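Chain and residue survey
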Amino acid sequence: MELKTLTFIVVGLTFALYIGIAIWARARTTGDFYVAGKGIHPVANGMATAADWMSAASFISMAGLIAFLGYGGSVFLMGWTGGYVLLAMLLAPYLRKFGKYTVPEFVGDRYYSQTARIVAVICLIVASVTYVIGQMRGIGVAFSRFMEVEFSTGLFTGMAIVFVYAVLGGMKGITYTQIAQYCVLIFAYTVPAVFISLNLTGDPIPQLALGATMADGSGLHLLEKLDLIVTDLGFKEYSTASNGNMLNMFLYTFSLMIGTAGLPHVIIRFFTVPKVRDARYSAGWALVFIAILYTTAPAVGAMARLNLMETIQIGPVGSPEGNLLISETPEWMDRWATTGLLAWEDKNGDGRIQYYDEAGMGERAAEYGWKGNEMTKVDRDIMVLANPEIAGLPNWVIALVAAGGIAAALSTAAGLLLAIASAISHDLLKGVFRPDISEKQELMASRVAMAFAIGVAAYFGLNPPGFAAQVVALAFGLAASSIFPVLMLGIFDKRANSSGAIAGMLVGLGVTLLYIFWFKGWFFIPGTNMAPNDAAHWILGISPEAFGAVGAAFNFATAFFVSRATAAPPEHIQHLVEDIRVPRGAVASASDH
Amino acid sequence: MSTPQDKSPAEYWKRNLRLMIILLSIWFVVSYLFGIILVTPLNAISLGGYPLGFWFAQQGSMYVFVVLIFVYAKKMNALDKEFDVHED
């Protein structure tokens, strides 16, 4: 069967499944809509959290970035998993004990201030919308590929589907659908990885194959071979290439970790388990399900890079017959070329493609008669989707990967939209401005908010400030610098008061946004940046994606010192903090005073 | 000083913090120390076809993270019982 038809069938079937579940479990009350009535088992919740969490950035984009960054890509791997350790120990059990629906609600009650709650809503919206922008980019890539259309057409189609999907459901629909989505996406991710691992090394387990010996008889380990190939073409050595300097690697990882623990759509998950005990285990189960994909990803990245290099460099470097003939480009290259995300150009007119790093290659390129790198566009975000095609796997595997990528993007976009919608309808409208609105009106407001967020995200999805995983990294930096510190202080520092929290959030979010916009352009509008976005201009070599950790430090310091310079929180708040530290008993309501 | 019989909320909180500090130290060592700061010297050692530092950064740290969360959950649930603050 033709690949396109097959992909439509596989994607269509998985969709029918999700929509079926969403309708079956349609939300009827606001409690169901936000947190599924707090009745979800920890393993089920862990699996749903994993699907919610692993977005287009993890599924589609991350392994592609690792493929080109090599060792430097480790920041995503450690950063996006290590945050769960922080979440499990520092936040999840206490927020569950507190027992409210949303993050701003916690902030508002703990800091006994509507202003604090509104500031938290703003932080949440900024971080979540940035995150949705990253998702939209991934959705655009996946849809444009499987429909074989231009990127923008793919993006608009995906947008429409996300809208219908998120608005129909609510948390309960989403929780059960996300379990189905997890199964689809993990199957779609690991099956091609197993095939490719077998092809290259004879070892079917990707986590072991990455450290195994090549099956091509060269006797080299896979990583050694990859290092040889890439350095021969002027690229940095795969297993040691760093992502900026050591400080940047450190802060980048740290930003992603505390961002994970501060992202509202992940935290909200821990409100849905029945007990504090379950909240602790839920984080563990979530990480188990996430780690299955995350420990496979480095193998996928390395093997995709190896296969890509060998597709184009078919013989010895420098020999006239060593490069791929343009007339013989494999089908997958032609298919991806239609999306505009892959492009090549015969600069030296020899009818063949040379793919190398111009700076790293230096004089040698001219000796070979090469006139510049001819792979003019290799979008990092296509690598995972193209990987099974590059490896020549059967069509059903390729179709499956497209379905998995779409599942990943949809589940996260829906979870985020829900967090945005609940912040606006529940925290702003019901909580602050119109406490008397009916449940029905609240649901309607949240749906309008979702539609608006999708529109904004789609606009930026067309003009993205980076690859999906990089945009998502920015969102984590924003969550890290604004939300995480006040949540943590709210639990661990009884002395933290409302003035401290408000000042901390504003300073943290402010400096981080400033740093990002300074190098990426105001509101990501191209050309409005104040300085070139490169390591030479960054302060101490810290990239905008890594700055969230610095913003968080500002937030912590501000909140700590302002709290101590102003009056202590009222006594009932101090009791509330003591209550949330132990699992048993009711939490004294902040309004009972 | 607290006695072993001390069942106060303050003592419960202290024990919780102590456990957290131990586990977070391990968290820091496997990721930031082995995966980033000491990656170059560790890469001189190999683990099969993996340079060791690279392995910690792209595989090992994640396995340890999973174990840390389960250890924390198990120990805390035991601590809840010991201090009689567990839910029903």
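Since we're looking at a predicted model, the values are computed, not measured. One numbering rule holds for all chains: residues counted from 1, following each sequence as written. Chain letters start at A and ligand numbers start at 1, both assigned in the order the entries are written. Local features in this predicted model are restricted to residues of pLDDT 70 or higher, and side-chain atom pairs are both shown and tallied only at a pLDDT of 80 or more, whereas totals for entire chains, interfaces and linings draw on every residue.

1. What about the overall build of chain A?
Where we set the bar: Only runs of H or I of at least four residues qualify as helices and only runs of E of at least two qualify as strands under DSSP, and these elements are numbered from the N terminus. The globule rule is 2.2 Å times the number of residues to the power 0.38, and the radius of gyration it is compared with is taken over C-alpha atoms. Whether a residue is buried, exposed or partly exposed follows from its count of other C-beta atoms within 10 Å of its own C-beta, namely 20 or more, 12 or fewer, or something in between, respectively; the C-beta atoms are built from the backbone. Each residue gets a C-beta atom placed from its backbone, and two residues are in contact if those atoms lie within 7 Å.
Looking only at helices and strands, chain A has 25 helices and 4 strands in total. Taken over C-alpha atoms, the radius of gyration comes to 24 Å for chain A, in line with the 25 Å a tight globule of 593 residues would show. If you line up chain A on its principal axes, its C-alpha atoms span 85 × 50 × 40 Å. Every one of the 593 residues in chain A was classed for burial, and the buried ones make up 61%. Residue pairs at least 24 apart in sequence account for 79% of intrachain contacts in chain A once pairs closer than 6 positions are excluded.

2. Structural notes on the interface of chain A and chain B
Frequently, the measure chosen for interface size is the accessible area removed from exposure when the parts meet. For clarity, the threshold we go by: For this scheme, ten residues count as nonpolar: Ala, Val, Leu, Ile, Met, Phe, Trp, Tyr, Cys and Pro. Four count as charged, namely Asp, Glu, Lys and Arg, and the remainder, Gly too, count as polar.
Of the residues lining the interface, 41 residues belong to chain A; the matching set on chain B comes to 37 residues. Residue contributions to the side of chain A that touches chain B peak at 12 residues, all from helix α14 (residues 276-312) of chain A. Per-class residue counts for the side of chain A that touches chain B are 23 nonpolar, 12 polar and 6 charged.

3. As for the nonpolar core
Spelled out, the test is: By definition, a nonpolar core groups buried Ala, Val, Leu, Ile, Met, Phe, Trp, Tyr and Cys residues that are joined through C-beta atoms within 7 Å.
Formed by 233 residues in total, the largest nonpolar core has its most connected members in Leu185(A), Leu417(A), Ile420(A) and Ile69(B). Ranked by residue count, the leading element in this core is helix α19 (residues 395-433) of chain A, at 22 residues. Other than its neighbours up to four places away in sequence, Ile69(B) contacts Tyr84(A), Val85(A), Ala88(A), Ala283(A), Gly284(A) and Leu287(A).

4. Observations regarding the packing of helix α21 (residues 468-482) of chain A against helix α23 (residues 498-520) of chain A
Residue and element names in this part refer to chain A. Quick reminder of the rule: In this description, a line fitted to the C-alpha atoms serves as the axis of each element, helices being fitted only across the stretch in contact, and the angle between N-to-C directions of two axes falls anywhere from 0 to 180 degrees. With respect to orientation, any angle under 35 degrees is reported as roughly parallel, any angle over 145 as roughly antiparallel, any angle of 65 to 115 as roughly perpendicular, and every other angle as oblique.
At a minimum axis distance of 7 Å, the contact between α21 and α23 shows a crossing angle of 155 degrees. One way to sum up the angle between α21 and α23 is to call them roughly antiparallel. Across the interface between the two elements, Leu-474, Gly-477, Leu-478, Ser-481 and Ser-482 of α21 pack against Met-505, Gly-508, Leu-509, Thr-512 and Ile-516 of α23. Residue classes in the contact of α21 with α23 are distributed as 5 nonpolar, 5 polar and no charged.

5. Let's talk about the packing of helix α6 (residues 103-110) of chain A against α19(A)
Residue and element names in this part refer to chain A. At a minimum axis distance of 9 Å, the contact between α6 and α19 shows a crossing angle of 35 degrees. Between α6 and α19, the contacting residues are Pro-104, Glu-105 and Gly-108 on the first element and Ala-423, Asp-427 and Gly-431 on the second. Grouping the amino acids of the contact of α6 with α19 by side-chain chemistry returns 2 nonpolar, 2 polar and 2 charged.

6. Details of helix α25 (residues 571-581) of chain A
All names here are of chain A. Rules: What the arc measures is the spread of directions leading from the helix axis to the C-beta atoms.
Taken residue by residue, α25 has Ile-573, Leu-576, Val-577 and Ile-580 as its buried positions. In an axial view of α25, the angular spread of the buried residues amounts to 100 degrees, which keeps them on one side of the axis. At its buried positions, α25 is contacted by α5 (74-98), α6 and α22 (484-492).

7. Observations concerning unusual backbone geometry
Residues and elements named next belong to chain A. Here the phi dihedral of Tyr-112 falls at roughly 40 degrees; this positive angle occurs in a residue that is not glycine. Looking at the secondary structure, you find Tyr-112 in the loop between α6 and α7 (114-147). Among the residues examined, Tyr-112 registers 19 C-beta atoms within 10 Å and is labelled partly exposed.

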